[in-house]
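The primary structure of each chain is shown beneath.
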Amino acid sequence: MRMLSLVRITLLMFYRHKALWIASIPLALFALFLAYASPMSPGFSNIHGLVFTGQVLAIFTSLAYAASFSNLMTAGRRTGMDELESTSPLPMAAIRSAHVLGAWVICISSSLLFLVLIAVYQIFRGNGMAMLAALAVALVILSPSMLIAMGISALLGALLPTILARILAVLAWAWLAFYTPLLPLPTLNGGPLSVIGDPIAQGWFHTNPMYVPANGPFTVQSGVISLLWQVCIILLLFTGANIASNHIKARV
Amino acid sequence: MFISIDHLTKDFRGRPAALNDLTVDLPQGMIGLIGPNGAGKTTLMRILTGIIKPTKGKIFIDGQDLSSPANRRNLKRHLGYLPQHITPYENLSPLEFLDYIGILKMIENKRARQEQAHTLLEQVGLEDVMNQPIGGLSGGMRRRVGIAQALMGDPRLLVVDEPTAGLDPEERMRFRTLLAQLGQDRTVILSTHILDDVAQTCPWVCVLRCGRNQYDGPTEGLIHEAAGHTWITPPIAAPPNNVTIINAEPTPQGTRYRIVTDTPPAGSVETAPNLEDGYMALASER
Amino acid sequence: MAFVGIQLKRLYRLALLPFILTAGILLAGFVLEGIWSLSRIRPVMMVLTQVPVIAAGLSTAFVLNDDPIVELTESTPTGWRKVQVTRLLIITGAFLAAAGLLFIGLHMMRLWPRDMGWVSIISPVGSIFIVNCLVFLIAVFTMSKPTSSLASMAIWLFLCFIWDPYITDPVRQRLIPLFIAAAGAIFGWNMCGDAERNVAKVAAL
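The written sequence of each chain sets the order in which its residues are numbered from 1. As they are written, the chains are lettered A onward and the ligands numbered 1 onward, keeping that order. Only residues with pLDDT of 70 or above have their local features reported here, since the model is predicted, and side-chain atom pairs are shown and tallied only from 80 upward, although totals for entire chains, interfaces and linings are computed over all residues.

1. A word on the overall build of chain A
Secondary structure is summarised from DSSP: a helix means a run of H or I of at least four residues, a strand means a run of E of at least two, and numbering begins at the N terminus for each. Helices and strands together make up the secondary structure of chain A, namely 10 helices and zero strands. Helices and strands appear in chain A in the N-to-C order α-α-α-α-α-α-α-α-α-α. Note that the radius of gyration is over C-alpha atoms, with the globule rule given as 2.2 Å times the number of residues to the power 0.38. Against the globule reference of 18 Å for 252 residues, chain A gives a C-alpha radius of gyration of 18 Å, in line with a compact fold. Its C-alpha atoms put chain A at 55 × 45 × 30 Å along the principal axes. Any residue whose C-beta has 12 or fewer other C-beta atoms within 10 Å is treated as exposed, any with 20 or more as buried, and any in between as partly exposed, C-beta atoms being built from the backbone. Relative to its 252 residues, chain A shows a buried fraction of 52%. Whether two residues are in contact depends on their C-beta atoms, placed from the backbone: they are in contact if these lie within 7 Å. Within chain A, residue pairs in contact and separated by at least 24 positions form 72% of the contacts whose partners lie at least 6 positions apart.

Take a look at the structure:
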């Protein structure tokens, strides 16, 4: 109940962050255009289209979020709010989780809005499952990717100078999202540890993956492994960011 | 709450010790914490509020050792804190911000939080703007939001760092009265450079210098340090040498100085000391 | 000159960043040239040559926001606009110079992606100019570091994934966005001259 109240009020904070909306809506629109214009695009008229759009949104919007959330754990240091929040009997990890959730809800909202619009279009064309699929795509493909990008940004932001953290976070996400398995360098793409939703897209929604799987098509199990793996990374990234942030604060 | 600080030291890497073997007992009631910049006041308050941990030494609050995480957590339930520099979330209204602080202080009942927030905002004179975004409020109003948040949850220990900085005279007096009322049945630690605020509200005072305890005891005792050493000079052209000048009052005949010294210039008249005189007398003793 | 000097002193680390990136990318190109075939290096270079553009946008967003002394600066004869424009010029100048060097190095190693001769220099130089001008506008408009950073990424995404793949002629590819960016920068320059707006954005009035 307490956590819910905390999330409610942090949501209000981020909801009123006009600048975040101003930037995230055109960003989602760009990604939508890319999803439509891509030669790989299956169009918007079926579940495959929804999944593909979800993946494109996950790749491109996350690239921008990787650049913008490097102060997610450290902004309070400048305003003194960190000091005040530290005097609460609630653990800082809980307070920061609420902030992460607040930011995530706003970031995903614009992408979700477009997925829902595509789903409505599909419902009118007779696809009754479209809305459910849109929500599922947002939950299992879009959300983990976004949270990973935000987590990378937050962790690097807690460890490094902001500008360096932003650039490195973008590069880290670009490597995770774009690095092709065709080059002889390690990459997560093409395997079950990919963070852009390929194993889930193919394993659960039976669509074509963006990167050809190295060891045969992804299965339902690959999807489960992929999701669990992404949840682990998210937890690790934010726990690391929280610890790094506390450690730096203790030195101030 | 009775606070006992026992041989407390805090070192920050590459800097001189912020607190250096500080030992002091602070009774219940209003306590003024004064000292020059860099004396260690803010560090002491951060340790008292559980934000940072000491390098050495212990703090006991009502006999409970603060080095235990459980005791620290328990203290935080009864703590109100106003940091020196705080910018409350600008896109929340004062009412919403206090609600947020109420949640952080684990006040479960939403209605109780809202009622408390209303009452406190009225007490600090923000009832007309309680629903406007904090970003649109003046600096003094934001400071009052900070004061109100420190009082959320009816804390038994209140730690306030420079609370009256930026307040207009009317609000300063109102806040002083409020603090004095609160200090009747709880411990309030007031850190400030405005000695008048301490003189008006704190029966007990602690003076820190270079991380050490230079004085702790009744405020009257600190004032007494300057008894027999406080003088008003006749109007003179140049300031007297080798004395501590407290203030200067220009007159048509020259400037009249209030000084603390053992050897006043000829014609000086002894006067009753105040807290500023006592503080300066103590400072010149070191 | 003293004014530029003091800004340069404050920003010199960031002004060095593009040259460090350029050196790193050239070194990567030099090393890879010895081990991989050209067809393998090109996709890597396509990614690496975008790094300075991303860094330019993020650096500009970084230097143009969160200055604690806007109000103080507006109270001096210099004014906030001159400070912002000087910072923009320093960062943009450094990134443009480094982009030029990067192009020359990779062009001579025959590693520049989609190389159409010396005219292709307009591609990295133009990208940086466009991104920085538009980030300047956004920074003046929002005075928010996260939003300016997000916007810098959005502008780069637009250029890299929507505009450039479809408009392949290097001159046409850069000319239209360059005009739009310059217009945006002039608009931002005008907006930045409004002292009251600048102060109201950052200080409680």
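2. Let's talk about the overall build of chain C
Secondary structure assignment for chain C yields nine helices and zero strands. N-terminal to C-terminal, the α/β element order of chain C is α-α-α-α-α-α-α-α-α. For a compact globule of 205 residues, the expected C-alpha radius of gyration is about 17 Å, and chain C comes in at 18 Å, within 12% of that figure. Referenced to the eigenvectors of the C-alpha coordinate spread, the extents of chain C come out at roughly 60 × 35 × 25 Å.

3. Comments concerning the interface of chain B and chain A
The interface is formed by 25 residues belonging to chain B together with 23 residues belonging to chain A. Listed by contribution, the elements that provide at least two residues to the side of chain B that touches chain A are α2 (69–76), β6 (79–82) and α3 (94–104) of chain B. Among the elements that line the side of chain B that touches chain A, the one with the most residues is α3 of chain B, at five residues. For this classification, the nonpolar set comprises Ala, Val, Leu, Ile, Met, Phe, Trp, Tyr, Cys and Pro, the charged set comprises Asp, Glu, Lys and Arg, and every other residue, Gly included, is treated as polar. Classifying every residue of the side of chain B that touches chain A gives 12 nonpolar, five polar and eight charged.

4. Focus on the sheet that holds strand β13 (residues 254–260) of chain B
Residues and elements named next belong to chain B. We treat two strands as partners when DSSP finds at least two bridges between them. What the four strands build is an open sheet, ordered β12-β13-β11-β14; its pairing is antiparallel. Edge positions in the sheet fall to β12 (244–251) and β14 (269–270), since each has one partner strand and no second. Pairing of strand β11 (residues 230–232) with β13, which is carried by three bridges, proceeds in the antiparallel orientation. For Ile232, the partnering residue across the bridge sits in β13 and is Arg258. The convention used is that axes are lines fitted to C-alpha atoms, helices contributing only their stretch in contact, and that angles between N-to-C directions extend from 0 to 180 degrees. Sheet strands in contact with helix α9 (residues 275–285) are β11, β12 and β13, and its direction is about 135° off that of β12.

5. Considerations on the nonpolar core
For this entry, the nonpolar core is defined as buried Ala, Val, Leu, Ile, Met, Phe, Trp, Tyr and Cys residues connected by C-beta atoms within 7 Å. Among the nonpolar cores identified, the biggest contains 129 residues, and Ala31, Leu50, Leu63, Val137, Met150 and Ala154 of chain A together with Ala154 of chain C are the most heavily contacted of them. For this core, the element with the highest residue contribution is helix α7 (residues 130–159) of chain A, accounting for 19 residues. Listed in part, the 85 residues of the second largest apolar core include Ile95 of chain A together with Leu95, Ala117 and Leu179 of chain B.

6. Overview of the pairing of strand β8 (residues 187–191) of chain B
Working note: regular strand, side chains alternate between the two faces of the sheet. Residue and element names in this part refer to chain B. Of all five residues in β8, five are buried; the element is thus mostly enclosed. Residues Thr187, Ile189 and Ser191 line one face of β8 and the alternating positions Val188 and Leu190 line the opposite face, and both faces are buried. One ladder, built from five bridges, connects strand β3 (residues 29–34) with β8; its direction is parallel. Across the sheet, the residue bridging to Met30 is Val188, located in β8. Pairing of strand β7 (residues 157–161) with β8, which is carried by five bridges, proceeds in the parallel orientation. Residue Asp161 lies in a different strand from β8, and its bridge partner there is Ser191.

7. Quick look at helix α9 (residues 198–205) of chain A
Within α9 of chain A, eight of the eight residues are buried, which leaves the element mostly enclosed by the surrounding structure. Positive phi shows up at His206 of chain A, right after α9 of chain A, with a value of about 55°.

8. Some points on the sheet that holds strand β2 (residues 19–26) of chain B
All names here are of chain B. Pairing within the open sheet is antiparallel, and its four strands lie in the order β2-β1-β4-β5. Where the open sheet ends on each side, the last strands, each with one partner, are β2 and β5 (64–65). Looking at chain direction, strand β1 (residues 3–10) and β2 are connected through five bridges and run antiparallel. Across the sheet, residue Ile5 finds its bridge partner in β2, namely Val24. Set on the sheet, helix α1 (residues 41–48) makes contact with β1, β2 and β4 (56–61); between it and β1 the angle comes to about 120°.

9. Points about the pairing of β7 of chain B
Residue and element names in this part refer to chain B. Among the five residues that make up β7, five are buried, leaving the element largely enclosed by the rest of the structure. The alternating pattern of β7 places Leu157, Val159 and Asp161 on one face and Leu158 and Val160 on the opposite face, and all of these are buried. Sheet topology places β6 next to β7; four bridges connect them, and they run parallel. Within the sheet, the bridge partner assigned to Leu79 lies in β7 and is Leu157. In this fold, β7 hands off to helix α6 (residues 169–182), which returns the chain to β8; that crossover is right-handed. Here the term right-handed applies to a crossover when the path leading from its first strand over the helix to its second strand runs clockwise, the strands being oriented away from the viewer.

10. Digging into the environment of Thr49 of chain B
Tracing the backbone through its elements, the reader meets Thr49 of chain B in the loop between α1 and β4. For Thr49 of chain B and Arg73 of chain B, which are 24 residues apart along the polypeptide, the C-alpha to C-alpha distance reads 10.0 Å. If near-sequence neighbours (up to four positions away) are discounted, Thr49 of chain B is found in contact with Thr87 of chain A together with Leu79, Tyr81 and Val159 of chain B.

11. Description of α1 of chain B
Residues and elements named next belong to chain B. Across the eight residues of α1, seven count as buried, placing the element largely inside the fold. Those residues of α1 that fall on the buried side of the exposure criterion are Lys41, Thr43, Leu44, Met45, Arg46, Ile47 and Leu48. Positive backbone phi, at 80°, marks Gly50, one or two positions downstream of α1.

12. Section: the confidence of the model for chain A
Scored by pLDDT, chain A has a mean of 89; 97% of the residues are at 70 or more. Model confidence for chain A, summarised as mean pLDDT per element, is weakest for helix α4 (residues 75–79) of chain A at 83 and strongest for α7 of chain A at 95. pLDDT expresses how confident the predictor is about each individual residue, on a scale running from 0 to 100.

13. Concerning the environment of Arg87 of chain C
Residues and elements named next belong to chain C. Considering the arrangement of structural elements, one finds Arg87 in helix α5 (residues 80–108). Given 22 C-beta atoms within a 10 Å radius, Arg87 is considered buried. Each C-alpha atom of the pair Arg87 and Arg172 lies 29 Å from the other, and the pair is 85 residues apart in sequence. Residues within four places of Arg87 in sequence aside, it is in contact with Gln7, Leu11, Val63 and Leu64.

14. Observations regarding the confidence of the model for chain C
Caution applies to low-pLDDT regions: their predicted coordinates should not be interpreted in detail. Averaged over all residues, the pLDDT of chain C is 90; the fraction at 70 or higher stands at 99%. Quick note on the complex model: pTM equals 0.84, ipTM equals 0.80.

15. With respect to unusual backbone geometry
Even without glycine at this site, His206 of chain A takes up a positive phi of about 55°. With respect to the helices and strands, His206 of chain A occurs in the loop between α9 and α10 (220–251).

16. Quick notes on the packing of α7 of chain A against helix α8 (residues 162–178) of chain A
Residues and elements named next belong to chain A. At their nearest, the axes of α7 and α8 sit 8 Å apart, and the two run at 150° to each other. Judged by the angle between their axes, α7 and α8 are roughly antiparallel. Taken as a pair, α7 and α8 cross one another with a handedness that is right-handed. Judged by residue contacts, Ala149, Ile152, Ser153, Leu156 and Gly157 of α7 engage Thr162, Ala165, Leu168, Ala169, Ala172 and Trp173 from α8. Grouping the constituent residues of the contact of α7 with α8 by class yields eight nonpolar, three polar and no charged. Between 65 and 115 degrees an angle is taken as roughly perpendicular, under 35 as roughly parallel, over 145 as roughly antiparallel, and anywhere else as oblique. Note: crossing handedness is left-handed where the near helix turns anticlockwise from the far helix by less than a right angle, and right-handed where it turns clockwise.

17. Observations concerning the environment of Thr42 of chain B
Residues and elements named next belong to chain B. Looking at where Thr42 falls in the secondary structure, it is placed in helix α1. Expressed as a C-alpha distance, the spacing of Thr42 and Pro83, which sit 41 residues apart in the sequence, is 8.5 Å. With near-sequence residues (within four places) excluded, Thr42 lies in contact with Gln84 and Asp161.

18. What to know about the packing of α3 of chain B against helix α4 (residues 110–123) of chain B
Residues and elements named next belong to chain B. It is the contact of α3 with α4, at a shortest axis distance of 9 Å, that shows an interaxial angle of 125°. With respect to their mutual orientation, α3 and α4 come out oblique. Handedness of the α3/α4 crossing: right-handed. Contacts from Pro94, Leu95, Leu98, Asp99 and Gly102 of α3 reach α4 at Arg113, Gln114, Gln116, Ala117, Leu120 and Leu121. In terms of residue class, the contact of α3 with α4 is made up of six nonpolar, three polar and two charged.

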